[in-house]
Amino acid sequence: MIAEDHNYYHATVRDKAIYNPLAGRVDTKVCIVGGGFAGANTALGLAERGVRDVVLLESHYIGRGASGRNGGFVFGGFSLGEETLLAELGADKARALYVGTVASVELIRERIARHAIECSMEDSGVILANWFRNDAAMLRRQRILKDAFGIEWEYLDRARMRERIHSERYYSGLFEPNALHFHPLDYLRYRARR
Ligand SMILES: Cc1cc2nc3c(=O)[nH]c(=O)nc-3n(C[C@H](O)[C@H](O)[C@H](O)COP(=O)(O)OP(=O)(O)OC[C@H]3O[C@@H](n4cnc5c(N)ncnc54)[C@H](O)[C@@H]3O)c2cc1C
């Protein structure tokens with residue numbers, strides 16, 4: 001059984017099984033090290049392309065790392081931010097990479113539907129909430145997303161934020177409709193089992 005005390009996802013995951021360690025010597029075409037999203041997605045991507053001779057090695061248990069304890073928000077883009085992406089790569093490469101992340105959101109949706117993955121998906125967008133009383137950064141980000149990548153994040157002023165979030169804390173927000181939330185550990189462990 002995986003430990004339940006790490007976080008909400010570990011406490012509520014559907015599959016708590018620990019799999020047997022690899023014993024003896026195994027010959028394989030592909031060996032993937034690490035049972036997080038990167039490793040499991042690589043294995044699944046290979047399987048979908050007909051490569052079956054794959055071994056996935058994990059030193060603890062599937063989802064023990066960041067993939068089993070993250071926010072569970074699925075949306076396009078990179079943590080380093082759009083402006084840094086553009087500055088480092090230039091417009092064309094940055095756009096190509098950004099578009100790839102948007103396609104991967106759709107790929108995740110497709111895989112959840114195709115494999116009927118039980119992962120508590122809530123596919124109704126994500127709000128980037130602003131708690132500063134200044135909209136300049138939000139509006140700037142909205143403009144860059146549209147101009148550089150053709151992505152439309154909807155601006156929510158204070159009144160519209162209140163309609164959606166019953167809290168005084170947030171001043172405004174950007175709504176990304178092409179985004180979802182899921183139980184990342186359920187998603188990952190389902191994927192790794194198959
Ligand atoms: C608090 C937090 C919140 C986040 N929120 C989000 C979010 O909302 N949305 C989002 O998209 N991203 C989010 N992220 C980022 C996301 O979780 C990571 O980018 C992603 O999980 C990385 O996956 P990974 O497979 O590269 O690494 P990991 O999930 O860390 O997997 C690596 C695995 O490799 C294993 N391993 C390491 N060394 C070895 C070895 N030598 N032999 C065998 N196994 C080994 C580890 O045990 C581990 O299980 C968040 C991250 C954190 C920390």
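Residues numbered from 1 in each chain as written. Predicted model: local features only at pLDDT ≥ 70, side-chain atom pairs only at ≥ 80, totals over all residues. Heavy atoms only, no water.

Per an unreviewed UniProt entry, the protein goes by FAD-binding oxidoreductase and derives from Caballeronia humi.

## Some thoughts on the site of the ligand
Put simply, the rule reads: Working definition: residue near molecule or strand if any one of its non-hydrogen atoms lies within 4 Å of it. Each polar contact in these results corresponds to two N or O atoms within 3.5 Å; when the atoms are within protein, one needs to be able to donate a hydrogen and the other to accept it, and residues that are neighboring in sequence are counted only if both atoms are side-chain atoms. Only the protein chains shown count as cover for residues, and the accessible areas themselves come from Shrake-Rupley with a 1.4 Å probe. Basically, the charged four are Asp, Glu, Lys and Arg, the nonpolar ten are Ala, Val, Leu, Ile, Met, Phe, Trp, Tyr, Cys and Pro, and anything else, Gly included, counts as polar.
Residues in contact with the ligand amount to 18 residues; listed here are only the nearest, Ala38, Glu58, Ser67, Gly71 and Phe73. Here an oxygen atom of the ligand and a backbone polar atom of Gly72 are 3.4 Å apart. Here the ligand, which alone exposes 1000 Å², has 51% of that area covered by the protein. Looking at the shell around the ligand residue by residue, the class counts come to 6 nonpolar, 10 polar and 2 charged.

## Some points on the pairing of strand S6 (residues 172-176)
Applicable threshold: Partly exposed describes any residue whose relative accessible area lies between the buried limit of under 20% and the exposed limit of over 50%, with all areas from a 1.4 Å probe on protein chains only and scaled to the type maximum. Each helix is a run of H or I in the DSSP string that is no shorter than four residues. Each strand is a run of E no shorter than two, and both are numbered from the N terminus. When DSSP finds two or more bridges between a pair of strands, those strands are recorded as paired.
Among the 5 residues that make up S6, 5 are buried, leaving the element largely enclosed by the rest of the structure. Of the two faces of S6, the one holding Ser172, Leu174 and Glu176 and the one holding Gly173 and Phe175 are both buried throughout. As judged from the 5 bridges shared by strand S4 (residues 126-130) and S6, these two strands associate in the antiparallel manner. Bridging across to S6, Ile127 finds its partner in Phe175. Where strand S5 (residues 154-156) meets S6, 3 bridges bridge the pair, whose relative direction is antiparallel. In the strand pairing of S6, Leu156 is matched with Gly173.

## Topic: helix H4 (residues 91-114)
Under the convention used in this document: Residue count minus one, scaled by 1.5 Å, sets the expected span of a helix.
Compared with an ideal rise of 1.5 Å per residue, which puts 24 residues at 34 Å, H4 spans 34 Å between its outermost C-alpha atoms and is within 8% of the ideal. Taken together, the buried positions of H4 are Ala94, Tyr98, Thr101, Val105, Ile108, Arg109, Arg111 and Ile112. Looking one or two places after H4, you find Ala116, whose phi comes out positive at around 50 degrees.

## Description of the packing of aromatic side chains
When we look at a pair of aromatic rings, we describe it by the centre distance and by the angle of the planes. Stated precisely, the cut-off is as follows: The criterion for an aromatic pair is that two Phe, Tyr or Trp rings (for Trp, the six-membered ring) have centres within 6.5 Å, with stacked assigned to planes under 30 degrees apart, edge-to-face to planes over 60 apart and tilted to the rest. The criterion is that NZ of a Lys, or CZ of an Arg, lies within 6 Å of the ring centre and within 35 degrees of the ring normal, and then a charge sits over that ring.
One pass over the full model with this rule turns up 7 aromatic pairs. With centroids separated by 6.4 Å and ring planes inclined at 40 degrees, the aromatic side chains of Phe37 and Phe182 adopt a geometry described as tilted. One end of the pair, Phe37, is in helix H2 (residues 37-48); the other, Phe182, is in the loop between strand S7 (180-181) and helix H7 (184-193), and 145 residues separate them in sequence. With centroids separated by 6.2 Å and ring planes inclined at 70 degrees, the aromatic side chains of Phe75 and Trp153 adopt a geometry described as edge-to-face. With Phe75 in the loop between strand S3 (73-74) and helix H3 (82-89) and Trp153 in the loop between helix H5 (136-149) and S5, the pair connects residues that are 78 residues apart, well separated along the chain. For Phe75, a relative accessible area of 35% gives the class partly exposed. Take Trp153: its relative accessible area is 4%, and that puts it in the buried class. Among the aromatic residues, ring-to-ring pairing joins Phe37, Phe182 and Tyr187 into one connected group. The ring of Phe175 is capped by Arg164, whose NZ or CZ atom sits 4.5 Å from the centre of that ring.

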